[in-house]
Amino acid sequence: MAIHSTAGATARTASGTVVEQRTRTFLRVSVALQTATVFLQAVSAGLLLSTSYGETLHGVGARVMYGASMLYVLAAVLAWRPGGGSPRPILYASGFLVLASAQVVLGIAHVPSVHVPLGVLIFGLSVAVLVRMPAARSAQRTAGTRE
């Protein structure tokens, strides 16, 4: 009986590690997607100034970027609750969603004096979060060395 319950505990731990690794990967992918969409917004802003289709591209990109920010919030919640991670990424993700909301409002109101620097800030912060986020494999290796 003791051997059977130990095997069950090992299976639960291994399963928990798999769930944690998947949610961490999902979190990292969502931050990477957000960073890429913010970068593409900068590119489309340049096209906005130089082409006839730039405004349409920038408008569509704004919706995609906002959706990526919402996906980041979802990934942060999933990494925290079922994944057993820290709640700190939820604060970061919520902050990005607030900044993205302000960015959309400022863009619609045509306030480029705040819209452009805020976009640069959002991109810089998103890159910083992405770089500081540990990769799922290195985190798994670190957990494996502790056991």
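Keep in mind that what you see is a predicted model, and the values were worked out from it rather than measured. (Residues numbered from 1 in each chain as written. Predicted model: local features only at pLDDT ≥ 70, side-chain atom pairs only at ≥ 80, totals over all residues. Heavy atoms only, no water.)

### A short note on the packing of helix α3 (residues 88-108) against helix α4 (residues 112-132)
Two elements in contact, α3 and α4, have axes whose closest approach is 10 Å; the angle formed by their N-to-C orientations is 155 degrees. In terms of orientation, α3 and α4 fall into the roughly antiparallel class. Crossing of α3 against α4: the hand is left-handed. Each of F96, L99, A100, A102, Q103, L106 and G107 in α3 lies in contact with α4, whose residues at this interface are V114, H115, L118, G119, I122, L125, S126 and V129. Of the residues that constitute the contact of α3 with α4, the class distribution is 10 nonpolar, 5 polar and no charged. (Axes fitted to C-alpha atoms, helices over the stretch in contact; angles between N-to-C directions. Helix = DSSP H or I, 4+ residues; strand = E, 2+ residues; numbered from the N terminus. Parallel < 35°, antiparallel > 145°, perpendicular 65-115°, else oblique. Left-handed = near helix turned anticlockwise from the far one by under 90°. Contact = heavy atoms within 4.5 Å. Nonpolar A, V, L, I, M, F, W, Y, C, P; charged D, E, K, R; others polar.)

### Thoughts on the nonpolar core
Core analysis: the biggest nonpolar cluster contains 19 residues, and L27, V31, Y72 and V129 have the highest contact counts within it. At 6 residues, helix α2 (residues 54-80) tops the list of elements feeding residues into this core. (Core = buried A, V, L, I, M, F, W, Y, C linked by side-chain atoms within 4.5 Å. Buried < 20%, exposed > 50% of the residue type's maximum accessible area, 1.4 Å probe, protein only.)

### Focus: the pattern of salt bridges
Close approach of charged atoms allows side chains of opposite charge to pair. This structure, assessed with the given rule, holds 1 salt bridge. Measuring nitrogen to oxygen at the nearest pair gives 2.7 Å for the salt bridge that ties E20 to R24. Note that E20 and R24 are positioned in helix α1 (residues 2-50) at a spacing of 4 residues, about one turn of the helix. Look at E20 and you get partly exposed, because its relative accessible area is 30%. Residue R24 is classed as partly exposed on the basis of its relative accessible area, which comes to 24%. (Salt bridge = Lys/Arg side-chain N within 4 Å of Asp/Glu carboxyl O.)

### Quick look at unusual backbone geometry
You will see that H110, though not glycine, has its phi angle at about 55 degrees, which is positive. Take H110: it is sitting in the loop between α3 and α4.

### A short note on α3
Across its 21 residues, α3 extends 31 Å between first and last C-alpha, which sits within 8% of the 30 Å expected from 1.5 Å per residue. With its phi angle positive at about 55 degrees, H110 sits one or two positions after the end of α3. (Expected span 1.5 Å × (residues − 1).)

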